[in-house]
2 protein chains.
Amino acid sequence: MDLTALRTANPDHWSKATAIRALTLDAVAAANSGHSGMPMGMADVATVLFEKHLKFDAANPLWPDRDRFILSAGHGSMLLYSLLHLTGYAQFPLEEIKNFRQIGARTAGHPENFLADAIETTTGPLGQGIANAVGFAMAEEMLRAQYGEKVMDHHTYVIAGDGCLMEGVSQEAITLAGRHKLSKLVLMWDNNNITIDGPVSLSDDTDQVARFAAAKWHTIEIDGHNPAEIDAALTEARKSDKPTMIACKTHIALGHAAQDTSKGHGALTDAAQMSAAKEAYGWTTGPFEVPADVKSAWEDIGKRGAETRRDWEERFDKMPRGKRETFNRAFALDVPKKLSATIKAFKKQMTESAPKLATRASSEKALEVINPIMEETVGGSADLTGSNNTKTGDLGVFDIDNRAGRYVYWGIREHGMAAAMNGMALHGGIRPYGGTFMCFTDYARPSMRLAALMQIPTVFVMTHDSIGLGEDGPTHQPVEHLAISRSTPNTYVFRPADSVETAEAWEIALTSKKTPSVLSLTRQGLPTVRLEHKNTNLSEKGAYVLADAEGKRQVILIATGSEVHLAMEARDLLQAEGIGVRVVSMPCMELFAAQDDAYRKRVLPGGAVRVGVEAGVRQGWDRWLLGERGKYGKADFVGMDRFGASGPAEELFEKFGITAQNIADKAKALL
Amino acid sequence: MDLTALRTANPDHWSKATAIRALTLDAVAAANSGHSGMPMGMADVATVLFEKHLKFDAANPLWPDRDRFILSAGHGSMLLYSLLHLTGYAQFPLEEIKNFRQIGARTAGHPENFLADAIETTTGPLGQGIANAVGFAMAEEMLRAQYGEKVMDHHTYVIAGDGCLMEGVSQEAITLAGRHKLSKLVLMWDNNNITIDGPVSLSDDTDQVARFAAAKWHTIEIDGHNPAEIDAALTEARKSDKPTMIACKTHIALGHAAQDTSKGHGALTDAAQMSAAKEAYGWTTGPFEVPADVKSAWEDIGKRGAETRRDWEERFDKMPRGKRETFNRAFALDVPKKLSATIKAFKKQMTESAPKLATRASSEKALEVINPIMEETVGGSADLTGSNNTKTGDLGVFDIDNRAGRYVYWGIREHGMAAAMNGMALHGGIRPYGGTFMCFTDYARPSMRLAALMQIPTVFVMTHDSIGLGEDGPTHQPVEHLAISRSTPNTYVFRPADSVETAEAWEIALTSKKTPSVLSLTRQGLPTVRLEHKNTNLSEKGAYVLADAEGKRQVILIATGSEVHLAMEARDLLQAEGIGVRVVSMPCMELFAAQDDAYRKRVLPGGAVRVGVEAGVRQGWDRWLLGERGKYGKADFVGMDRFGASGPAEELFEKFGITAQNIADKAKALL
């Protein structure tokens, strides 16, 4: 690259973009760790975006109608941190740049949304940012339809690298965006031809522009170091009636000895090479020093949107009060006051009618009373709407000509759905929930983990949660997926036993602000086990005594979901023999673990043998069976220690010994 | 559709294809469960493929050079079962068709490779079959280069539906196939416009033909009910120098009242509608009855390849004996005799030199001695070759002009890599291993589960296995991934403590025939802890006493991987205070669980407090801490109960209390 030509062609642009490059080099060198090349390559694109297109106000990072900027290529985090520092975000003083990648810094190795207001999402696992961005753009469309364009009218910009585009989730995301003509979504592809292992050609020969066109995107190809081309492309993108992909031909590690090589992807810390690069840039200040005029020009960019924001506030204040309150409530993740009474009434009705229902059907019934009073819920399913029971009558279908629709047909895209739901939740104003089969949490897993890490309350509705789904066989029968979900920090895993517990699970999931929920629901019908109405949400404590022992307590049966009624039947068998049995329903282990010792001991006292019952693997159960007893006792577990099989559900429960009789026998063997 | 025109245009073809449709209707109706529409829609394509193109011999389902036929749209399993029954596979008598989806039948809800020789792979989770097929095709290329085209020269055919193509993994797979010009891979897309939720257009508007072309595939569009067009397309595909996608326009549930509707996707069991469909087909026999002439014509097809196979055997027998033995050994999944001695010598050398090495580097060193003596190993990495240490000097790189290369640059495609590795293992003759970061087992998870379910010994090399990776932060730091891997049935999860245990893990992984392995390896350097050479593979029992207590045994420390040396240091601290401490290294919980009670009690006797140490979540540990002690004792755990953070590794271990001092303190607190 002829840097001199770039420098002289547009010196103002050059100095601003170079500030990003220099800060990146200095921060990575100080940390002796990180990725220098990507920010150096994409500095020109980002500079033009922030200077001329992005609607933002550095003084108000949470302004709801700001444009969203997402760095899907999260390893290039110094690009984002440099921009946030330069434009004057209060949370990003120079100290933060100097502390790049140190414990306690906001400038973590990869952007972490929970560390700073201006970080829209957590990226690093590749492809996630693209799929988040699709969710952001859908949320914007939905809220624009709901509140009007005076209040919601912004773009979503995402920078993605070759790695993002190779990940399968990117295909799910871009085909969704193309199908829904998300015209306010703009993807800038850092087309630098380099991956860690070498040139992209080593592993890929895809015509990315043709690929996006096949997904019905508008496409533009530019020189990613030419400010005029970048500007024109962004202008064109904003006018398109389709999502736009701008292929930006760039040089990774521009101007450094490692330019255009895979070495340039990593940490460029050689002092002499850094000096040479800075000299080539015409950058003469010391480490972490940005010339005052350049910093000032960047800070002006940071203030560029202030007036637009003030105008927006005026318009917002003119909205009818009820709309404003709903808007603010939804963005604050508060539930409507009447949710609690609605759930109580629903529970009472369920207890009284005591239906035999699959919990997936119970979930639909609960949603039928929740969705009408929570305008912010958005439901969906990865092509299993009728099986996941996620669609209620009033939602309407989100589509090109019905942006107010609150139900999304996600297609066969579990991963893209989960990531886009995360994007919706991160955008604010929307409470997304979406369904697939519990077994296919496997496909959605990378985004489910990120929901937990990002501290957002995405709700995953996972039906067909055991061998109880029957004939579809072991590929569709989860056995380890409860354990997997529970192993993830900051995740509520609910396995409700009947309609009452299902409604309680929904109430907790929706009132939770920083924790995602997994609802593990049955395909098969279950009797109502909560036959006495309580206004209190018993599931909130994670586990509770469903039926106590008659006579001396010799056995405690602990069960979840579809096995609770089996535990109750086993109790009948044992009580008939004069053996006192307590049954504990444990719809949420995480919430039970969070209770104080006294409560846990009250529910699970010592002095009795214990049998855990769940149609899944034992992993995660031993704490309740062995580790928290008042005194030494014996314990056993009735569940699965292998993959399932194809056959009718009732026969499978027999085959694998998950029966009331076997539970009773195991308990007796311990006595 | 005008069925009459189809019937009369080619009555021989029609009756054969209709046998598939009729058997499908009957089997689904008998099971009252299943998917009728897909086999009914793709019967014509499958009939032409089997009749005129597929190289197979029904009497010899395991013939190594057969063409592979993969039903990626696994829910349409009756298509496959009908074909296997009709062509005369001994494992598929009519009884099996009648027992569709019943316990013990080979005709499970979805095709299960371990239930019958002729089922090449397990499908059902969508998109997997396509990615498996890429692995099959790569294996064929590799073995052709290794053994010559006289011995290996076959095609891989895969039928995929809209769901398969919407899943992200399909993009990873097709871009791999396009990059590598896998010209003997043919994908037949069941282009029926229907998904479960409704028409494809509800959720997708992708131009699939253009998408495949962008991935450098040859593409053909045909009427999937026109035998001549099908035949011509397959002929053209076989001549192409690229992988070929044939877009087959079909009618789901052809001829049934549910044709072209999403209802047609499911179980069509209405008796009247079934009769009407059969009448429209001109099919007059009773349920499960195939006219003798039709059955006979199909059986002739099943024998079509017998002579070709005999010719192949003659050619095979002419190969030099050494080659034949290697071929047979590799297909039998036997390791070379000298592997054992090689590993022993390597271990001795490691014990003697006692290097401080990251276990990822130990793994590379082990592979440097393994790969030269096992021609069947194929390594690779999802764009982290230098980090995963998966490439050894002698492998060569698999590429268009070097099909003999044994190293694959998989690109940023963890899921596609895992699924394609499964395909290679299923093909036979290849022992695949591939690497990514442990945290990104999340991306590969659906295929890792399938490796376990399918009982194939794929090896997943997962490095950077804890907060020990440092600055990349919580998106890259696994905490729950050991628990996730261990929760999966039939999976060996190895977390070796040093070079010696790493070599032992490799030996077990490579001698295993029916169980996949996850190698959880560190980024950071670890001291050698096995300082006394043993020929015996101590890891084979899962856990063993690394250092016993001096004096009275009061404490047992159980640790894995990078925490074993911390446990040893904690032992020094405690022994210095006169507290007797045993250290147990537990590189593989599954293997330890498989030992007899006596061994487990010998390693973990009662009468001492226990502390488990692992830089991951506690889930899965309680059995060893609480559940298997000789008598009541106290236990604690040093590990992670939250996500990690970005910062230097040593500081993170301090921050999260994973230190020798903390281990010692916790043990003392229990005494």
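Along each chain, the written sequence defines residue order, and numbers are assigned to residues from 1. Each chain takes a letter, starting from A, and each ligand takes a number, starting from 1, following the order in which they are written. The model is predicted, so local features are restricted to residues of pLDDT at least 70 and side-chain atom pairs to those at 80 or more, both for listing and for counting; the totals for chains, interfaces and linings are taken over all residues. Excluded from the side-chain calculations are hydrogens and water; all other atoms, namely the structure's heavy atoms, are used.

1. Focus on the overall build of chain A
Along chain A, the regular secondary structure elements total 27 helices and 20 strands. When its C-alpha atoms are laid out on the principal axes, chain A stretches across 95 × 55 × 45 Å. Out of the 671 residues in chain A, the part that is buried amounts to 69%. In this analysis, two residues are considered to be in contact whenever any of their non-hydrogen atoms come within 4.5 Å of each other. Contacts spanning at least 24 positions in sequence make up 78% of the contacts within chain A whose residues lie at least 6 apart. The protein chains shown are the only cover counted for residues, whose accessible areas, like all others here, come from Shrake-Rupley with a 1.4 Å probe. Of the roughly 20400 Å² of accessible surface on chain A, a fraction of 48% belongs to carbon and sulfur atoms. Chain A carries 74 positive and 84 negative side-chain charges, and their two centres are separated by 6 Å. Numbering of helices and strands runs from the N terminus; a helix is a DSSP stretch of H or I covering at least four residues, while a strand is a stretch of E covering at least two. Between buried and exposed lies partly exposed: a residue is buried under 20% and exposed over 50% of the maximum accessible area for its type, with that area taken using a 1.4 Å probe on protein chains only. Neither His nor the chain ends contribute to the count of charged residues, in which Lys and Arg are positive and Asp and Glu negative. The location of each charge is read from NZ of Lys, CZ of Arg, CG of Asp or CD of Glu.

2. Some remarks on the environment of Gly 135 of chain B
Residue and element names in this part refer to chain B. Positionally, Gly 135 belongs in helix H6 (residues 128-147). What makes Gly 135 buried here is its relative accessible area of 0%. Remark: the alpha-carbon pair of Gly 135 and Arg 600, spanning 465 residues in sequence, is separated by 40 Å. Beyond its immediate stretch of four places on either side in the chain, Gly 135 contacts Ala 420, Gly 423 and Met 424.

3. What about the confidence of the model for chain A?
What pLDDT reports is the predictor's confidence in each residue, on a scale of 0 through 100. Summing up the model confidence of chain A, the mean pLDDT is 97 and the portion of residues at 70 or higher is 99%. Across the assembled chains, the prediction reports ipTM 0.98 with pTM 0.98.

4. Focus: the interface of chain A and chain B
The interface of chain A with chain B comprises 95 residues on the first partner and 95 residues on the second. Any carboxyl oxygen of Asp or Glu that lies within 4 Å of a side-chain nitrogen of Lys or Arg is treated as forming a salt bridge with it. Counting every contact that joins chain A to chain B gives twelve salt bridges. Polar contact is defined as a pair of N or O atoms within 3.5 Å, subject to the rule that within protein one atom must be able to donate a hydrogen and the other to accept it, and that residues adjacent in sequence are counted only when both atoms are side-chain atoms. Summed over the shared surface of chain A and chain B, the number is 50 residue pairs in polar contact (both at pLDDT 80 or more). In terms of residue count, the dominant contributor to the side of chain A that touches chain B is helix H19 (residues 441-454) of chain A (eight residues). Polar here means any residue outside two lists: the nonpolar Ala, Val, Leu, Ile, Met, Phe, Trp, Tyr, Cys and Pro, and the charged Asp, Glu, Lys and Arg; Gly therefore counts as polar. Tallied by class, the residues present in the side of chain A that touches chain B amount to 35 nonpolar, 33 polar and 27 charged.

5. Digging into the environment of Thr 515 of chain A
Residues and elements named next belong to chain A. Counting through the fold element by element, Thr 515 comes out in the loop between helix H21 (499-511) and strand S14 (517-520). A relative accessible area of 8% places Thr 515 in the buried class. Taking the C-alpha atoms as reference, Thr 515 lies 20 Å from Ala 118; in sequence the two are 397 residues apart.

6. Notes on the domain arrangement of chain A
Residues and elements named next belong to chain A. The domain boundaries assigned to chain A delineate domain 1 (3-310), domain 2 (338-527) and domain 3 (540-669). The domain limits used here are those given by an automatic or database domain assignment. The C-alpha-based centres of domain 2 and domain 3 are spaced at 25 Å. Of the roughly 2400 Å² buried between domain 2 and domain 3 on both sides combined, carbon and sulfur atoms contribute 60%. Sorting the residues of domain 2 by area buried against domain 3 places Ile 467, Val 479 and Arg 495 first, and these three jointly supply 28% of that buried surface. Where domain 2 touches domain 3, the interface holds two salt bridges. Of the charged contacts, one joins Glu 563 and Arg 495 as a salt bridge, the two residues approaching to 2.7 Å between their closest N and O atoms. At the boundary of domain 2 with domain 3, the tally comes to 13 residue pairs in polar contact (both at pLDDT 80 or more). At the level of secondary structure, the elements contributing two or more residues to the side of domain 2 that touches domain 3 comprise helix H20 (481-487), strand S13 (492-494) and H21. A per-class count over the side of domain 2 that touches domain 3 returns 14 nonpolar, eight polar and five charged. Reported buried area values correspond to the accessible surface (1.4 Å probe) lost by two parts on association, with both partners' losses combined.

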